[in-house]
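Below, each chain spelled out in residue letters.
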Amino acid sequence: MKVVKLSDLAKTIRSKNAGTDKITFDIIFREKGNYELVKKSGAISKGKIARLYGIEENRISDFVEFDPAYAIKYTIYREKPSGSPGDADIFGSQQYPPLLDVEIQVND
Amino acid sequence: MTSKSLRFICPNGHLGFAPSKRESFDIGAKTKPDFYCCDSGSSDIGPGPLGGDYSASPYEWQKHDLEMMLVAARNQGAPMIIGSAGDTGTRSRVDLYVQTIKDLARKHKMAPFKLAYFYSDVPKEYLKNKFDQGEAIEGLDGRQNLTLEELEQTNRIVAVAGIHPYIKALEMGADVIIGGRSSDIAIFAAPAIKAGFPEGLSYYMGKTLECASFCAEPYGAKESIIGEVTAEDVKVTAMSPYQRCTVASVAGHAMYERSNPYFEYVAGGMIDMTNCHYEQYDEKTCRVTGPVFVPVEGKTKVKLEGSSKVGERFVGIAGVRDPYTIKHIDTVLDWAREQVKERFGEEGYELYYNVYGKNGVMGNMEPLKESNCHELCIVCQGVAQTREMAEEVTMTGTRQIFYARLPEVKGTAGTAAFSFDEVLPASAAYRWTINHTVSVDDPMELFDLHLIDIKEEAS
């Protein structure tokens, strides 16, 4: 077994507004192999995401494994609507970086 | 269906937000698409433009794209459809685009054509009447139903149009349509559905085309895309020489900016993409089959957007280099907050700090709790009912970072660095108060549609 980072396996890791009240996260893989590997590793789940971001699980509105695009996708409710005074990420586009270093167990 | 297929060109995912790229548009226009469509709106820009009724994009960029599309569409004699005029799709933005079309027609000495436009603004009285009739304005995305108090605080409300006003405008013979706030999908789906193509495929095509080249790879924004709908499938083709529409890029786009990749809601129903099948049709084209449209049961629900002014706003910026102060920055900011409280009390203003170098971008969701930075940038926002008070709140909140007293700090002559000793006026602060739906008997009751003749006038 060895450990690799999610950023070494995924083609795209991004976050973006989904409407005014939610931010959605996409982890997209180029090959089916890496997609299945990450799916099976259990490293990306509702519980793991909630712990990573320090939020309650009920802030995650959707969690989907989207086979046609080899993608794992989840969506969270914002603390307050986008662009409210004090909101630092009006597009929700810089909330993904903690995912880059998520560790995935891989068989040698 | 009068023809076997309809082809749509889309040059930009948000007309005006950044100028469209000319080369790929010209390549697409040469193939004579049946419709020129582009959405010009977004809620991504925050609640300010809707609440304050201004565009988020420079007028020159909006005009650039409208001119590019109008000249090509009128030369060819193909209809042109613009949704969500001027970012927000409010009445003033629709009027702005209508005037621009008139100006451009005159500038280019265009042959007469018919221009349709509609307003999406919703008067508060309309919603109050709904309350009086005991109807709920249902919250979306986990929101509670709308309260009368929230409604009264809201400055401006728009309804998000589905296909209905667009189909009506096309039936009236419009050559160019300028829409108020709309679903970006509807501007593509409406002509296809009107022509008799299956609703599932028509809506799906809109879903794929609405962000233009975001459904192609490699990444490249503001490049044209052409979508073709038939009775059996949708084909999407990248026009830019360096881009392709692939299974990965098109399937990947189905989930972009949406909380769920399988379902998309529009006025009148839901697009179910669970059984979509994607295949590479040719080098630059992806073919999609299988989307299904599920009509709403009962009344049509139309989405509403509303924004409320929170107050006037100023911004202050402070830098910190002292390592002890950086380590205790939360204590420093609590101290500054206390100074504001001493002056203004607990209520009647809002004060925010974004601490760059610590958790300025992610706030409470930042997993790295300790900063390793040797310097911090602190952005302070003060919001209050008057500009004078907002300025003073922000000035106090920023300058007191300089005066914060920590027991062991060595630098007793000031704990912050300022590149200018002032606070800066910012746009007023707004918040989204309405992300709800209203049930209607007739979707057209929310949209005020007009048709005018554009004739060459002596200037």
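Because the structure is predicted, anything quoted here is derived from the model rather than measured. (Residues numbered from 1 in each chain as written. Chains lettered and ligands numbered in written order. Predicted model: local features only at pLDDT ≥ 70, side-chain atom pairs only at ≥ 80, totals over all residues. Heavy atoms only, no water.)

## Re the pattern of salt bridges
All names here are of chain B.
Part 1 of the argument: Under the definition given, this model contains 41 salt bridges over all chains.
Part 2 of the argument: Residues aspartate 26 and arginine 22 are paired through a salt bridge, measuring 3.2 Å at the closest nitrogen-oxygen approach. Within this pair, aspartate 26 and its partner arginine 22 are both found in helix H1 (residues 22-30), separated by four residues, close to a single helical turn.
Part 3 of the argument: Between glutamate 305 and arginine 181 there is a salt bridge, with its nearest N and O atoms 2.8 Å apart. A residue pair is termed long-range when its members are at least 10 positions apart, and glutamate 305 in strand S15 (residues 300-320) and arginine 181 in the loop between strand S7 (176-178) and helix H8 (186-194) qualify at 124 residues. For the residue pair glutamate 305 and arginine 181, the accessibility class agrees, reading buried in each case.
Part 4 of the argument: When salt bridges with common partners are traced through the structure, they connect Lys130, Glu135, Lys299, Asp441 and Glu445 into a single cluster. (Salt bridge = Lys/Arg side-chain N within 4 Å of Asp/Glu carboxyl O. Helix = DSSP H or I, 4+ residues; strand = E, 2+ residues; numbered from the N terminus. Buried < 20%, exposed > 50% of the residue type's maximum accessible area, 1.4 Å probe, protein only.)

## Concerning helix H3 (residues 46-53) of chain A
All names here are of chain A.
Part 1 of the argument: Those residues of H3 not exposed but buried are Gly47, Ile49, Ala50 and Tyr53. Viewed along the axis of H3, the buried residues span an arc of 165 degrees, placing them on a single side of the element.
Part 2 of the argument: In this structure, the buried residues of H3 make contact with strand S3 (22-28), strand S4 (60-66) and strand S5 (71-77).
Part 3 of the argument: Immediately beyond the C-terminal end of H3, within one or two residues, lies glycine 54, with a positive phi of roughly 65 degrees. (Arc of directions from axis to C-beta. Contact = heavy atoms within 4.5 Å.)

## Quick notes on the domain arrangement of chain B
Part 1 of the argument: For chain B, the assigned domains read domain 1 (6-120 + 160-299 + 441-454) and domain 2 (309-431).
Part 2 of the argument: With centres defined by C-alpha atoms, the gap from domain 1 of chain B to domain 2 of chain B works out at 43 Å. (Domains from an automatic or database assignment.)

## Notes on the confidence of the model for chain B
Low-pLDDT portions of the prediction should not be read for the details of their coordinates.
Part 1 of the argument: On average, residues of chain B score 95 in pLDDT, and 99% of them reach the 70 mark or higher.
Part 2 of the argument: Interface confidence for the predicted complex, expressed as ipTM, amounts to 0.95; the pTM equals 0.94. (pLDDT = per-residue confidence, 0-100.)

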